[in-house]
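Below, each chain spelled out in residue letters.
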Amino acid sequence: MMNGSKIKGKFCSAMVSLASFVRFLRLCFMEHVKFSSLLRCKSFGNSEKKQVVQAPDSDRKDDHDEVLSSDEKVTEKVRKRSMNKRRQQTKGWKCIDNCCWLIGCMCSASWFLLILAYIVPVSLPALQGPEIPGARLKREGLVANHPVVLVPGIITGGLELWEGKPCAEPLFRKRLWGGWGSGFTDIFRRPMCWMEHLSLDYETGLDPPGIRVRPVPGLVAADYFAPGYFVWAILIENLAQLGYEDRNMYMAAYDWRLSFQNTEVRDRSLSRLKCQIEILYATNGDKKVVVLPHSMGAVYFLHFLKWVEAPAPVGGGGGPGWCAKYIKAVMNIGPTFLGVPKAFSTILSAEGKDISLIRTMASGLLESELLGLQTIEHVMRVSRTWDSIVSLLPKGGETLWGNLDWSPEEGLECSSEKKRHLQAESRENNTKISEEMSPSQVKHPKRYGRVISFGVEASEVLSSQLPTISKEFMHASISTDSNTSHGEFWTEYDEMSHESFEKIAENKVYTTTDLVDLLRYVAPKMMQRAEAHYSHGLAENLEDPKYNHHKYWSNPLETRLPDAPDMETYCLYGVGIPTERSYVYKMSPSDRRKGIPFRIDSSADGGDDCLKSGVYFVDGDETVPVLSGGYMCAKGWKGKTRFNPSGSATYVREYRHKPPASVFEGRGLESSGHVDIMGNVALIEDILRVAAGATGPELGGDKIHSDLLRMSDRVNVPL
């Protein structure tokens with residue numbers, strides 16, 4: 001329950017942000033108004049000149065009637081011609097006008113609802129939400145105990161400009177990414193300049209010459225992604241209820257675009273994190289630290305756990321036992337331990353289900369050559385300079401993610417919510433649904449192991465019915481097109497020929513192993529640079545000295561947890577939301593292939609919840625499938641295994657999704673979306689209890705709602 005001062009503060013913040021957006025809308029129309037005014041003035045001047053006729057003397061009026069009549073006809077024709085010309089010149093603005101009005105209406109409605117959500121609870125106490133977990137637990141006697149470290153994930157951390165090109169001079173020390181404030185309108189005045197400064201060097205993966213963009217420090221780095229859109233803010237507010245503040249809470253901000261090891265090379269981010277943990281430990285009565293990584297932050301911190309004990313200069317030099325001394329628990333929120341399939345679609349065609357839907361509904365918004373947008377191509381050009389995206393590629397190959405005929409999720413429901421609904425129906429009808437659907441019950445078995453298929457049929461038929469075409473072409477040098485022109489934007493597709501595109505489509509289906517090879521073929525420079533920092537395999541023998549290299553440290557299947565028997569590891573994530581697992585692709589129209597030759601086939605629908613708009617779904621948190629978020633805690637690290645030799649305790653805690661009941665709940669008190677879960681009251685309570693000193697068994701141990709255990713049993717990884 002928020003008091004009046006907090007609501008007033010948030011309301012004022014919302015008003016400031018709304019004012020920024022209004023300034024942006026004014027920019028949309030400014031040039032239009034100037035241009036239209038100029039046309040009106042010019043047309044009016046010409047009309048005046050044409051209509052000037054000397055007044056004849058009264059005694060000659062009758063003699064000139066016929067001449068005046070003729071002049072009036074000429075003047076009328078000139079006036080009509082001028083008006084037609086003005087209409088043609090202003091016609092090109094209609095699309096911009098419509099876009100601005102549409103954006104204005106949508107944002108005005110959003111801000112109205114946001115303001116309403118702040119004002120109404122003050123006026124009508126009956127509509128106030130339930131008491132926040134921090135306040136309730138404080139009344140129960142819980143207080144701040146163990147220091148807390150927050151580790152943000154990809155894209156949620158703020159970035160600010162410290163050095164740039166002349167076009168970015170007004171943006172000095174303003175945010176280029178995340179938590180936009182006063183610099184919002186400045187960014188949208190110069191979008192190409194903005195994207196240039198968000199890009200990294202294509203050869204080194206570090207700063208381009210003359211550009212320095214750095215992570216925003218402090219808790220404000222990732223409290224809000226945008227005004228009103230929280231990331232860590234709700235959790236920070238609840239921790240503050242128990243007594244947490246800057247002295248016992250730290251945001252481990254880092255540049256999420258860089259490879260994990262390069263965050264140390266350029267910014268010393270890993271060294272800073274090591275020092276901060278040691279300081280928190282020493283200044284809080286030698287209390288061990290509770291670490292809260294989110295999303296990609298989970299694999300970033302996994303890399304840190306190996307780095308901190310490795311010898312310098314590659315590692316942090318903490319030595320064996322550092323983790324056992326300083327870390328109580330690692331509570332991974334929405335972890336991407338085994339990667340996400342949408343990373344493939346992001347690199348291949350810069351899209352996922354949301355972009356595919358927008359492209360279907362309003363393709364001109366993303367691809368209009370008339371407006372010079374080519375948004376998707378620009379997104380691909382920038383994102384392919386970010387090595388961090390490669391860290392999200394699925395790990396473990398076909399052993400974890402399936403092959404042409406098998407996958408861990410095959411035969412299971414697309415979401416735990418649908419499974420729950422079916423089970424409820426069966427109880428009402430006094431029938432029993434089998435644990436696993438038989439082949440006769442499945443009209444079209446979902447072959448999720450085919451992560452990308454060209455055509456719905458290729459995603460469903462038996463592997464014996466697929467065309468037998470060799471994939472050896474992916475290991476050959478790229479066939480280039482001599483007529484290729486890079487134009488205003490550039491992707492590595494520009495260096496490929498149409499014959500190469502057709503060969504890719506002719507192969508029909510690609511598993512995770514095939515797709516890594518395909519990315520090396522279509523994006524060789526990106527993959528060569530990034531694979532110096534990441535690996536996506538499955539270790540056969542962890543005693544092999546090669547696994548001491550830092551590129552293996554963020555893959556839980558190619559590294560070990562530290563020797564810290566008392567350290568607890570949690571996998572906390574949402575379930576019950578359809579999550580992207582595999583895709584149906586098609587060739588782009590011939591006039592679009594010079595930029596991105598492939599796209600998700602949004603016309604592909606399966607008539608059920610598993611295939612919609614060219615995307616196959618499984619259970620998860622909308623971004624991370626259950627298998628990726630939970631397998632390591634449920635099986636890979638459970639007990640003493642080769643990946644967890646000390647046998648430190650691991651726990652799976654799943655949070656079933658429940659959408660908000662009304663607009664006054666905001667994004668929901670029980671939402672389990674990948675980012676929305678940061679406001680989930682059950683997750684917040686679990687975190688507060690562990691930070692206050694509780695252990696996994698005191699929370700109740702594992703809490704699993706999905707089919708995670710059955711999926712894990714199907715995965716044949718030697719442990």
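Calculation criteria
- Residues numbered from 1 in each chain as written.
- Predicted model: local features only at pLDDT ≥ 70, side-chain atom pairs only at ≥ 80, totals over all residues.
- Heavy atoms only, no water.
- Helix = DSSP H or I, 4+ residues; strand = E, 2+ residues; numbered from the N terminus.
- Contact = heavy atoms within 4.5 Å.
- Polar contact = N/O pair within 3.5 Å; in protein donor to acceptor, adjacent residues only side chain to side chain.
- Phe/Tyr/Trp six-rings, centres within 6.5 Å; stacked < 30°, edge-to-face > 60°.
- Buried < 20%, exposed > 50% of the residue type's maximum accessible area, 1.4 Å probe, protein only.
- Lys NZ or Arg CZ within 6 Å of the ring centre and 35° of its normal.
- Pairing = 2+ DSSP bridges.
- Axes fitted to C-alpha atoms, helices over the stretch in contact; angles between N-to-C directions.
- Parallel < 35°, antiparallel > 145°, perpendicular 65-115°, else oblique.
- Left-handed = near helix turned anticlockwise from the far one by under 90°.
- Nonpolar A, V, L, I, M, F, W, Y, C, P; charged D, E, K, R; others polar.

Asker: Explain the environment of D621 to me, and be specific about the residues and the numbers.
Answerer: In this fold, D621 is placed in the loop between strand 16 (615-620) and helix 22 (626-636). When the C-alpha positions of D621 and H674 are compared, they lie 5.2 Å apart, and in sequence the two are 53 residues distant. Setting aside anything within four residues of it in sequence, one finds D621 in contact with G334, G574, I577, T579, S672, G673 and H674. Here V624 takes part through its backbone nitrogen, which lies 2.6 Å from a polar atom of the side chain of D621.

Asker: Could you give an account of the packing of aromatic side chains, naming the residues involved and the relevant values?
Answerer: Under the counting rule described, the total for this entry stands at 23 aromatic pairs. Note on F304 and W322: the rings are 5.8 Å apart at their centroids and 75° apart in plane angle, and the pair reads as edge-to-face. Remark: W322 occurs in helix 11 (residues 322-326) and F304 occurs in helix 10 (residues 297-309); sequence separation between them is 18 residues. In terms of burial, F304 and W322 fall into one category: buried. Aromatic pair Y493 and F598: ring centres 6.1 Å apart, planes at 80°, arrangement edge-to-face. Taken together, the residues span a long stretch of sequence, with Y493 in the loop between helix 18 (456-460) and helix 19 (498-506) and F598 in strand 14 (residues 598-600) at a distance of 105 residues. What links up through ring pairs into an aromatic cluster is the set Y281, F301, F304, W307, W322 and Y326. Residue placement shows R384 over the ring face of Y493; its charged tip is 4.9 Å from the ring centre.

Asker: Run through the sheet that holds strand 2 (residues 159-163), naming residues and quoting values.
Answerer: Overall, antiparallel pairing links the 3 strands, which are arranged 3-2-4 in an open sheet. The sheet terminates laterally at strand 3 (175-177) and strand 4 (212-215), the two strands that pair on one side only. Ignoring which end each strand starts from, the neighbouring axes of this sheet average 45° apart. In terms of strand pairing, strand 2 meets strand 4 through 4 bridges, oriented antiparallel. Residue pairing across strands places L159 opposite P215, the latter belonging to strand 4.

Asker: Provide a residue-level description of the packing of helix 12 (residues 342-349) against helix 20 (residues 512-522), including the pertinent values.
Answerer: Between helix 12 and helix 20, the shortest axis-to-axis distance is 11 Å and the interhelical angle comes to 20°. Here helix 20 runs roughly parallel to helix 12, going by the angle between their axes. Viewed along their axes, helix 12 and helix 20 form a crossing whose handedness is left-handed. On helix 20, the residues touching F344, I347 and L348 of helix 12 are T512, L515, V516, L518, L519 and V522. A breakdown of the residues in the contact of helix 12 with helix 20 according to their chemical character gives 8 nonpolar, 1 polar and no charged.

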